[in-house]
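Residue-level listing of the chains:
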Amino acid sequence: MASLVYFRKVAETDDSVEYIFGFDTNDPPRRLLMDRKSRRSQPVDGEIDYAFIKASRKINALYEEASQWPDHGMSVS
């Protein structure tokens, strides 16, 4: 069974990048903050689960490829 996690950048400062993410574009989105220097992320709601891990890893992978924070994307597995 395939799993999709969507994400979209909603804010960016000198210190962090904020994304909304979730399994479905119709569900209420969750938020994660990515530290720009350490490239570590944390969920705003404190819940570390499959969706958070998938979004965080894909954001970091895209950053690694392009050396810039992606505006949006999805992780498929």
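None of the values given here were measured: they were computed from a predicted structure.

Read from one edge to the other, the open sheet built from 5 strands follows the order β4-β3-β2-β1-β5, with strand pairing classed as antiparallel. Edge positions in the sheet fall to β4 (41–43) and β5 (72–76), since each of these pairs with one other strand and no more. Between one strand and the next, the sheet's axes are offset by a mean angle of 30°, whatever the strand orientation. Looking at chain direction, strand β2 (residues 16–22) and strand β3 (residues 30–35) are connected through 6 bridges and run antiparallel. Considered in β3, the bridge of I20 is made with R31.

Here helix α1 (residues 50–66) spans 24 Å end to end across 17 residues, near enough to the 24 Å set by a 1.5 Å rise per residue. Turning to α1, its buried residues number three or more, namely A51, F52, K54, A55, S56, I59 and N60. Positive phi shows up at S67, right after α1, with a value of about 60°.

Let us now look at the pairing of β2. Of all 7 residues that make up β2, 6 are buried, and the element is covered over most of its length. In terms of strand pairing, strand β1 (residues 4–12) meets β2 through 6 bridges, oriented antiparallel. Pairing of K9 across the sheet is with Y19, part of β2. Where β1 hands over to β2, the hairpin turn is made up of 3 residues, counted between the paired strands.

All right, on to the environment of V44 then. You can see V44 is positioned in the loop between β4 and α1. Residues within four places of V44 in sequence aside, it is in contact with R31, L32 and L33.

In this sheet, β5 lies alongside β1 in antiparallel orientation, the contact comprising 5 bridges. Bridge pairing in β5 links F7 to G73.

On the surface, L4, M74 and V76 cluster together into a nonpolar patch covering about 240 Å² of accessible area. Secondary-structure assignment places L4 in strand β1.

How each quantity is defined
- Residues numbered from 1 in each chain as written.
- Predicted model: local features only at pLDDT ≥ 70, side-chain atom pairs only at ≥ 80, totals over all residues.
- Heavy atoms only, no water.
- Pairing = 2+ DSSP bridges.
- Helix = DSSP H or I, 4+ residues; strand = E, 2+ residues; numbered from the N terminus.
- Axes fitted to C-alpha atoms, helices over the stretch in contact; angles between N-to-C directions.
- Expected span 1.5 Å × (residues − 1).
- Buried < 20%, exposed > 50% of the residue type's maximum accessible area, 1.4 Å probe, protein only.
- Contact = heavy atoms within 4.5 Å.
- Patch = residues over 30% accessible without salt bridge, like charges linked within 9 Å, V, L, I, M, F, W, Y side chains within 5 Å.
- Areas by Shrake-Rupley, 256 points an atom, 1.4 Å probe, with all protein chains shown as cover.
- Salt bridge = Lys/Arg side-chain N within 4 Å of Asp/Glu carboxyl O.

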